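Structural description and commentary
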There are 2 protein chains.
Amino acid sequence: MVRVVKTKVEIEGRVHEETVVVEKEEPQPWQEDHDFVCVGKPVDRVDGPARVTGAAKFTYDIHPAGMLYAAVLRSPHPHARITTLDTSHAEKLPGVRAVISRQTAPDIPWYGGASNLFDQVVRFVGDEVAAVAADDLDTARDALKLIRVEYEPLPFITDIEEALSPGAPDVQPRGNILREDDGQGGELYSRGDLQKAFNSADVIVESTYKTSTQMHNSLETHGAVVMWEGDELTVWESTQYIYGVRHRVASVLKMPESKVHVISEYMGGGFGSKGGTLKQTIIAALLAKAAGRPIKLMLTRTEENLLAGNRGATVQKIKLGAKRDGTLTAIDLEVLNGIGIYGAWSAAVAGPAKELYKCPNVRTHTIGVHTNLGTHSAFRAPGFVEGTFALESAVDELCQKLGMDPLAFRRKNHADKDQLADQDYSSKQLLQCHEVAAEQLGLDPRSPLPTPGSLASDPPWKRGIGIASQIWSGGGGPPAHALVRLNSDGTAEVQCGTHDIGTGAKTALSQIVAEELGVPLQAVRFRLGDTESGPYAPASMGSMTMPSVGPAVRSAAEDARQQLMEIASYFMEVPSSHLLVANGAVTIEGKAESRRLIRDILAEISDYMITGKGFRGPNPRQTLRTWGAQIAEVEVNTATGQVRVTRLSAVHDVGRVINPKGLRSQFYGGILQGIGFGLLEERIVDHRTGHPLNPNLEEYRLPTIADAPEMFASGIDKADILANHVGSKGAGEPPIIPTAAAIANAIYNAVGVRMRELPITPRRILDALAQNAPQERQS
Amino acid sequence: MVRVVKTKVEIEGRVHEETVVVEKEEPQPWQEDHDFVCVGKPVDRVDGPARVTGAAKFTYDIHPAGMLYAAVLRSPHPHARITTLDTSHAEKLPGVRAVISRQTAPDIPWYGGASNLFDQVVRFVGDEVAAVAADDLDTARDALKLIRVEYEPLPFITDIEEALSPGAPDVQPRGNILREDDGQGGELYSRGDLQKAFNSADVIVESTYKTSTQMHNSLETHGAVVMWEGDELTVWESTQYIYGVRHRVASVLKMPESKVHVISEYMGGGFGSKGGTLKQTIIAALLAKAAGRPIKLMLTRTEENLLAGNRGATVQKIKLGAKRDGTLTAIDLEVLNGIGIYGAWSAAVAGPAKELYKCPNVRTHTIGVHTNLGTHSAFRAPGFVEGTFALESAVDELCQKLGMDPLAFRRKNHADKDQLADQDYSSKQLLQCHEVAAEQLGLDPRSPLPTPGSLASDPPWKRGIGIASQIWSGGGGPPAHALVRLNSDGTAEVQCGTHDIGTGAKTALSQIVAEELGVPLQAVRFRLGDTESGPYAPASMGSMTMPSVGPAVRSAAEDARQQLMEIASYFMEVPSSHLLVANGAVTIEGKAESRRLIRDILAEISDYMITGKGFRGPNPRQTLRTWGAQIAEVEVNTATGQVRVTRLSAVHDVGRVINPKGLRSQFYGGILQGIGFGLLEERIVDHRTGHPLNPNLEEYRLPTIADAPEMFASGIDKADILANHVGSKGAGEPPIIPTAAAIANAIYNAVGVRMRELPITPRRILDALAQNAPQERQS
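For the structure given in this document, a descriptive report is provided here.

Conventions we followed
Residues numbered from 1 in each chain as written. Chains lettered and ligands numbered in written order. Predicted model: local features only at pLDDT ≥ 70, side-chain atom pairs only at ≥ 80, totals over all residues. Heavy atoms only, no water. Helix = DSSP H or I, 4+ residues; strand = E, 2+ residues; numbered from the N terminus. Rg over C-alpha atoms; globule rule 2.2 N^0.38 Å. Buried < 20%, exposed > 50% of the residue type's maximum accessible area, 1.4 Å probe, protein only. Contact = heavy atoms within 4.5 Å. Areas by Shrake-Rupley, 256 points an atom, 1.4 Å probe, with all protein chains shown as cover. Buried area = accessible area lost by both parts, 1.4 Å probe. Salt bridge = Lys/Arg side-chain N within 4 Å of Asp/Glu carboxyl O. Least-squares fit on C-alpha atoms with pLDDT ≥ 70 in both. Polar contact = N/O pair within 3.5 Å; in protein donor to acceptor, adjacent residues only side chain to side chain.

1. Quick word on the overall build of chain A
Across its full length, chain A holds 18 helices and 36 strands. For a compact globule of 779 residues, the expected C-alpha radius of gyration is about 28 Å, and chain A comes in at 27 Å, within 12% of that figure. Burial status across chain A gives 66% buried among its 779 residues. Across chain A, the fraction of contacts at a sequence separation of at least 24, relative to all contacts at a separation of at least 6, is 79%. As presented, chain A carries roughly 26800 Å² of accessible surface, and 49% of it is formed by carbon and sulfur atoms.

Structure, rendered in structure tokens:
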């Protein structure tokens, strides 16, 4: 039976107090000395062959019979009032099956009521104006050109600092500043006495850091295929949260949830922007209703980059104070965060400043700023990536000024407990992360890191090394449910409404089931991404999948195993407590000759299919965090400004490692995306026209394999058995967090210039080098 | 947790002793005084709109992208050896994508090893020779004509009596007589001392009855759409048993069950022949593998009637003995049952003779006879329909000879207990069925039925009335499983691997869930027919669905309700035992003002989806049976021989009635099919060529609505709470069982001729009338 409990769950850097229902009994944690057969072994992805052969069906591959293609007419203006909208010519184009706009679509509030499905006032380039469904995509796009729209342009702003200037026009109905929990605009946090701390500090550093807008650019764009069957709707969507889509679609279209069926079996990458439901899914559903045919509506790459979310730019003014001995005493952080036209949160940028170091006096103030650009969204460790760049760069500045080794500084200012909640961490192996990260590069972790300019290099290249630490949530929490079925042939099927967004979750979760149930990994078939099969699992974001769903599938497998043991006990005529199961067979403890295959035992009974039901229990009192450290080695070309990351050592504490091969792959991906954030990626906007200039893959600079350093990536494989009984924390986001800061610190270490604006392009390097000497004199 | 038990389950008239696994706790039975909100109310089919608008997707409607069409080359000979088989020309036809035959297909034993997927010796007209997959069906059929086959014809037999004649050639490798459990051929049962009983009987009747081969003619023919995705196979099939198909496909193709996915969400009727897996499903899977494309292979109507099963003809020699006072003392039954080329059972024909009446001395001998015709299959109450015609006709003959009222005879020889197992019945309302059946026609059940020739009529028509009783299993049993999910908006989803083969099962099962969970019927979405969602449920045959799956879904709903009550208890701050739930709201007992909607309670918690898990418990010690009586009123045209059934009263004891509307619809369908069996339907074979002559809907005479009498159909709505906690038994098969016998008895009652061969065509009536006078003199 069940009980109701209150528990804290931190998702994407934001803490939620949740009232959840959990079942009464959970399995015992796997201890460190558990004799693992499958967990902890490096295995290939169970869905690898399907993915590389093209057999895997992504949303883009879904083609119900009679399917139409849809396209959306979007605003070419950053801010304008629609004065005329005439779709009649489009409707008459042969092959066009439905046209909708605000004239015909129901009134559906969006973005918390600040917008509608179709607005009369469009507020960014890419805003929805009308949509067409036609026999093919070319016809749909031709029809868009036949829609006559007249706009009355309105004043617009696309720069966050300009949006705050006095007399700036409102970019949206609620103004230009996000009203967060202080009720005034911005989120304010403080502890201790900041002024006093700075007054008594021996050393102070103060700088402003800037990060640019980073685009997700998942391989598969957002999109959906929708199909009505009577009053029931099936939605194939490239999403990180099938139940979220189901809930949104059902509530917006005023349907019972039970009649909306959302499928996302394979999806081509999601870094947070696919955690919500965008307007086009509803537009597709309305078009499908109007046309009486299934609809495919996938965003183009340009649409994706105009409207489907981004990591908003930041301006971070940070000031640190310390004692002469290196004790950190004060942190002050002021953040402007570009959240686009309708963003609704920004405080996460301050997360690292609040918690990464032991520091009694902290103040952070985060202001979300609206502009006439597409709404931001969660993006792989949102806020923490940006905040860590500023904090860890500033810490490096502080270390330089103190003349202190960065490793020694980190040991000295290590936070033993959560200073916000005043409680223990469930686990924290951050100091080991520093040590192993150094060791992986052949450095002695007990010795100081090489000082600036000390590494040998060949002109015009200069070599440097930099370190940055990482804190992030990733502890997951309830609710998450799973079912494990054991077929009569000894194969198992897992049902869980989770997703594998490219992370390898399906593989690692299958390993957990195989381990607990006692069957070979190949005997496990993991079915996910389907609300019809379910059961409920949370969004696959916030590094939550392993710590939330892992315990649920293990719990279901344990339930199934216990049932199997009771059945085996009947036929093998010993109490179930005397039985062991592994690799598809049951054995009486100490009697190897008693071994019977599971399928032979199940052949004795009639068609029974064992179903084990599992759930995720409540979180403990302790604070759940992931930790990590990265050390970057870079070479900077002092003649061209080019930076190349030559080696990068990443070590993260994400609890028990289920699949070391999958974990490494996650780390590689995070590091590479961190390199993009640090050195390459930047949405460029023409502020005179309000148009993003590079919403595509030709001009937007994504890192490629040619940008990859030699990577040393590993997890501290120590189970966090307080966090959950599997002992794992999430690994998706940690590896992107410290990369840019480590690189910037390594650049300083190489050439003595402090790069305070991302991305660190050759132009900026050359500019900084040119200003280097006077800068040095000032300090 | 679970336990292993042994229990008896009777399916299609055959008893199975099953070792099953059940969970430990079952809900309490719904008592007679339970205050029902939804159960017992007449409701429309929940899937009615989808079925009548064409929105429902049957197997025939499935069209995966790239799908090919397949056709099968079939033997034109009733028995022949293939001497030459050359598919090369077919393979070269443009548009042909794959050809398989015994030259290329793997060796797959079929029919218990008596056959292979493709045989070198074909043994009936329609036997599989080769198969082609092509871009369209016309090309596939054209390709069949290009396959060159030469046959060496072999001796064949298509008449069951001829098959037993001395020196008859073997029609198949195992000979012409089915070896059943006596090891010799035939199934022999006896109790008491038959010879002694006949010696001391005052009255004896002895006759031979014949029934013809009846074809199923479900609206949708057998067929499958199959699709490989990597090493996984999806099969959409028009089947009554998705898990049976999965098991067969997996074992035949040597695949893990977890990689075979079988779907049958909607299917166009099944009367037993769709309980197994026919060769064409495997042929389709092999073609799909060879072509690398999905395949649709649906049987044509002719193929369906040649090979997909039938109710085999019978010759039944029956002898009854009785005391002068009407006490039945002896029954002797000798049955020949045409089971086609590979049939494997026949004993069910003797079922009614063994058990319908109290009789101490019984002998039955059933011989299954093979011929060179398509294999028989289960067909709505297989055996019992045929056996009841002979038994109840003979009982009517006995009553006439005794000068005894048929109702009085039935009261006198009522069996109070199961004479085979020497134990009680869980429930038996047969006497009430007789009474209500009479009352529905305005007759006084305590008075004798009208005697032959006593009813007024207008020449050349003569009117008569006849009665027949029914016994059948229909008690169901484990294993069956279900899941019930409660969404946060208060809607519920049921998952169950059962089927609605047109019976209305989905509706009645939804009513059970709505009742137990306390939500409106419209809030219940019932998902079935998908092995991926599951969980396991048995074949939808043997009138098992309600008694097997009903308790499973109720048990799952109860589990979900209890969880809801615990959650509500937390928020409403009273113990859960004080709470009531109905119609989507929870109320504290006696406090109407405390009423809170389920969705409002669930809104207090985070995304929790209650999942209730349910199962079907073991059967009780008692024997489970359904009972019934039908009284037919007919008019016989003495000039033309035409028989019209004018009124038919059907009353069956199927336990608690969940949906009176659905039940009536089942009864109507059974009666109409019984009329077809009695008056119209007959497979006609040209015994000189071995060819069935009417395997189609033009020449095979199915009843239509023009043949429907005024029908009075009802259930004795008395819960059988010993059988299971829902109290229902199965209703699908009972109504077809007594119809033909009641009609034949009514014809005797009208015109004084005993019709001993089905169907009772005008020709046979006229022949009998012509022989009537001398017959009467003989007796």
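2. A look at the interface of chain B and chain A
Across the contact, 59 residues belong to chain B and 59 residues belong to chain A. Of the roughly 5200 Å² buried where chain B meets chain A, counting both sides, 52% is carbon and sulfur surface. At the surface where chain B touches chain A, the tally comes to eight salt bridges. For Glu493 of chain A, the salt bridge goes to Arg246 of chain B, with nearest N and O atoms at 3.0 Å. Among the elements of the structure, strand S1 (2-11), strand S2 (14-23), helix H6 (242-252), strand S25 (481-486), strand S26 (492-496), strand S27 (524-528), helix H14 (545-572) and strand S31 (610-615) of chain B are those that each provide at least two residues to the side of chain B that touches chain A. Among the elements that line the side of chain B that touches chain A, the one with the most residues is H14 of chain B, at seven residues.

3. Things to note about the relation of the copies chain B and chain A
The pair of chain copies shares a relation made of a rotation about an axis and a shift along it. Once turned by 179° and shifted 0.0 Å along the axis, chain B lies on chain A with an RMSD of 0.1 Å. Taken together, the rotation and translation relating the two chain copies correspond to the operation of a two-fold axis. The position closest to the rotation axis in chain B is occupied by the C-alpha of Ser533 of chain B, lying 2.4 Å away. With an isologous cut-off of 70% or more, the 100% of interface residues of chain B that recur at the interface of chain A puts this contact in the isologous class.

4. Description of the environment of Ile567 of chain B
Locating Ile567 of chain B in the fold gives a position in helix H14. Classification of Ile567 of chain B by relative accessible area gives buried; the value is 0%.

5. Comments concerning the side chain of Asn772 of chain A
Residues and elements named next belong to chain A. Tracing the sequence through the fold places Asn772 in helix H18 (residues 762-778). Of the residues examined, Asn772 reaches a relative accessible area of 14% and is grouped as buried. A distance of 3.5 Å separates a polar atom in the side chain of Asn772 from the backbone oxygen of Val751. Sequence-distant contacts of Asn772, that is, excluding residues within four places in its chain, are made with Val751, Gly752 and Val753.

6. Quick notes on the pattern of salt bridges
Once their charged atoms are close, side chains differing in charge can pair, the charge on each being opposite to the other. A full pass over the atoms with the stated rule returns 86 salt bridges over all chains. In this structure, Asp142 of chain B engages Lys145 of chain B in a salt bridge whose closest nitrogen and oxygen atoms are separated by 3.7 Å. Here Asp142 of chain B pairs with Lys145 of chain B, and both are found in helix H3 (residues 137-145), just three residues apart, close to one helical turn. Among the residues examined, Asp142 of chain B registers a relative accessible area of 40% and is labelled partly exposed. In this structure, a network of salt bridges that share partners links the residues Arg74, Asp119, Glu128, Lys279 and Glu303 of chain A.

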